[in-house]
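# Examining the three-dimensional arrangement
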Amino acid sequence: MRIRKAVFPVAGMGTRFLPATKASAKEMLPVVDKPLIQYAVQEAISAGAEELIFITGRSKNSIMDHFDKAYELEAELAQKGKEALLQTVQEILPPGITCIFIRQAEALGLGHAVLCAWPAVGDEDFSVILADDLIDGRLRPCLAQMQRVYQEYGTSVIACERIPKEDTGSYGVVEVQPVGPGLGEIRRIVEKPKPEEAPSNIAVVGRYILTPRIFKLIQSTPRGKGGEIQLTDAIQAMIQEQTVLAYEFEGTRYDCGSKLGYLKANVEYGLKHPELATEFRDYLGNLTANWGQGEKSDARKK
Ligand code: G1P
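The notes below deal with the structure included here. (Residues numbered from 1 in each chain as written. Predicted model: local features only at pLDDT ≥ 70, side-chain atom pairs only at ≥ 80, totals over all residues. Heavy atoms only, no water.)

This part covers the state of the cysteines. Per the counting criterion, the structure on display carries 0 disulfides. With no disulfide of its own, Cys160 has Cys142 as its nearest cysteine by sulfur position, at a separation of 9.7 Å. Classification of Cys160 as buried rests on a relative accessible area of 1%. (Disulfide = S-S within 2.5 Å. Buried < 20%, exposed > 50% of the residue type's maximum accessible area, 1.4 Å probe, protein only.)

Let us now look at the site of the ligand. Near the ligand, the surroundings consist of 13 residues, among which Asp133, Gly172, Glu191, Lys192 and Val204 are the closest. Asp133 places a polar side-chain atom, nitrogen or oxygen, 2.7 Å from an oxygen atom of the ligand. Between the ligand and Val204, the relevant distance is 2.7 Å, taken from an oxygen atom to a main-chain nitrogen or oxygen of the residue. If the ligand stood free it would expose 380 Å²; the protein chains cover 77% of that surface. Assessed atom by atom at 2 Å from the grid points, the ligand resides in the largest pocket. Of all the elements, strand β11 (residues 202–210) adds the most residues to the shell around the ligand, at 4 residues. Looking at the shell around the ligand residue by residue, the classes come out as 6 nonpolar, 4 polar and 3 charged. (Near = heavy atom within 4 Å. Polar contact = N/O pair within 3.5 Å; in protein donor to acceptor, adjacent residues only side chain to side chain. Areas by Shrake-Rupley, 256 points an atom, 1.4 Å probe, with all protein chains shown as cover. 1 Å grid on protein atoms, 1.4 Å probe; cavity = no way out; pocket = protein on both sides within 12 Å on 5 of 7 lines; lining within 4 Å. Sits in = over half its atoms within 2 Å of the grid points. Helix = DSSP H or I, 4+ residues; strand = E, 2+ residues; numbered from the N terminus. Nonpolar A, V, L, I, M, F, W, Y, C, P; charged D, E, K, R; others polar.)

Honestly, it's all geometry; don't read function into it.
Quick look at the structure:
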């Protein structure tokens, strides 16, 4: 039982990163030297995905180009003998992986974006990855961790993490019946509740393994929070019929949909980058040491 198809909803406008996202996709924002969407795609492939389904919108051509073969660039790198760079470009998409691009004509929400993938997914279980949730799964990528749970239980699995209660308004929030360590059956799921209305502080993050039943349920899901067709609401309908598990993944999530989360990801991935780690650590060390001195001299001036 392997999830062969992964869906990447990438039609969002990325308004929080304007002006950077005026003409290009927010999923193409790099963390160090790779765009967010490439991390997401690599995670899906490492969990066994063979077919990548992108739900795109306007200004998303760069995503299509990124996963396409770049003959001219490759020829030039080869001619100049830049073998390492050539390899980097050629490894963006391993052989045997297919990309499908579906245009979401109207931005009607995450549920609607997932529904757009139905013709390509058909009648099989599939995954959904939101690229702006960048997850460092440490020992094993988050989706591969979820795949293990899926293999054991054979049902839908949603990645979750505990958040400060005051942040519930930014997430889908679940109430669970514990099944094992870090694993629970979802009893209720609410999209972006106020803290006082939230069923818990366990939030959904952007990784889902779903059964195709979800498509029919999205079709009959009315507009919800923010006037959008919410995946969360369709999942709430699904738990009446099927088991849906909430899985607290191991690792760290960076909310790259926010500027602060995005900066944190760049710093931490920079500190782990094979070419940069040492110099960058020294640089940050000096910078923070000098900050301390700056504060002291500022204090003296006062
Ligand atoms: C979406 C989902 C939400 C989930 C979040 C994870 O919200 O609707 O349930 O918790 O992704 O990142 P968005 O952040 O797209 O508004």
